[in-house]
Amino acid sequence: MPLVNLDFIRGIYEAHNSAGADFPDVLARDYLHPDVEFVEAAAAPGATTHHGREAVAALFRDRFDAGGMRVEDLELTAVDGRRALAAFRIHMRGTGSDAEASMRFWNLVTLDGSRIARVEEFTDEAAALAAAQR
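Read on for a plain summary of the structure. In this text, all values refer to a predicted model and were calculated from it rather than measured experimentally.

Side note on helix H3 (residues 53–66)
And step 1. Given a rise of 1.5 Å per residue, 14 residues ought to cover 20 Å, and the 20 Å separating the end C-alpha atoms of H3 matches this to within 8%.
And step 2. Listing the buried residues of H3 in full gives Val-56, Ala-57, Leu-59, Phe-60 and Phe-64. Take H3 and look down its axis: the buried residues cluster within an arc of 155°, on one side only. Every exposed residue of H3 that faces more than 90 degrees away from the buried side is listed here: Glu-54, Asp-62, Asp-65 and Ala-66.
And step 3. For H3, the elements touching its buried residues are helix H1 (6–19), helix H2 (23–30), strand S1 (32–39), strand S2 (49–51) and strand S3 (67–78).

Brief notes about the packing of H1 against H2
And step 1. Following both chains from N to C, one finds H1 and H2 inclined at 145°, their axes separated by 9 Å at the closest point. Here H1 runs over H2; the crossing is right-handed. Along its contact with H1, which presents Ile-12, Ala-15, His-16 and Ala-19, the element H2 presents Phe-23, Val-26 and Leu-27.
And step 2. Of the residues contributing to the contact of H1 with H2, the split by class is 6 nonpolar, 1 polar and no charged.

Quick look at the nonpolar core
And step 1. Formed by 30 residues in total, the largest nonpolar core has its most connected members in Ile-9, Tyr-13, Leu-27 and Ile-116.
And step 2. Those elements giving two or more residues to this core turn out to be H1, H2, S1, H3, S3, strand S4 (83–94), strand S5 (100–112) and strand S6 (115–122).
And step 3. Ala-87, Phe-122, Ala-131 and Ala-132 belong to the second-largest nonpolar core, a separate cluster that totals 8 residues.

Criteria and cut-off values
Residues numbered from 1 in each chain as written. Predicted model: local features only at pLDDT ≥ 70, side-chain atom pairs only at ≥ 80, totals over all residues. Heavy atoms only, no water. Helix = DSSP H or I, 4+ residues; strand = E, 2+ residues; numbered from the N terminus. Expected span 1.5 Å × (residues − 1). Buried < 20%, exposed > 50% of the residue type's maximum accessible area, 1.4 Å probe, protein only. Arc of directions from axis to C-beta. Contact = heavy atoms within 4.5 Å. Axes fitted to C-alpha atoms, helices over the stretch in contact; angles between N-to-C directions. Left-handed = near helix turned anticlockwise from the far one by under 90°. Nonpolar A, V, L, I, M, F, W, Y, C, P; charged D, E, K, R; others polar. Core = buried A, V, L, I, M, F, W, Y, C linked by side-chain atoms within 4.5 Å.

Shown next as structure tokens:
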């Protein structure tokens, strides 16, 4: 079985950086499966699972409303024919405070054809690696 297309997945993170606050609309239009699930990291306040294109786009609108974000140091690893693990750092600048912060994240991305069907978000590398082994 061929491995997942890492160039396609890399393009999603590049779109995040190039589209800026327009990314939620680009994400919904160009990358998300209609029945997508986005599982927020357990450490996120009020962490939940978002179902459907509009719900995932709304999550990212909220995140961009809080401040500008940039993906840095992206590393992609193919897990199998449908899944990849993305490791990266998010650099943020608060909208009101102009305060800067950065945080390491992992996304286990599952594709259905050329659309994202599921993303599991992690702030812990061991948990992300364990999820990729399931």
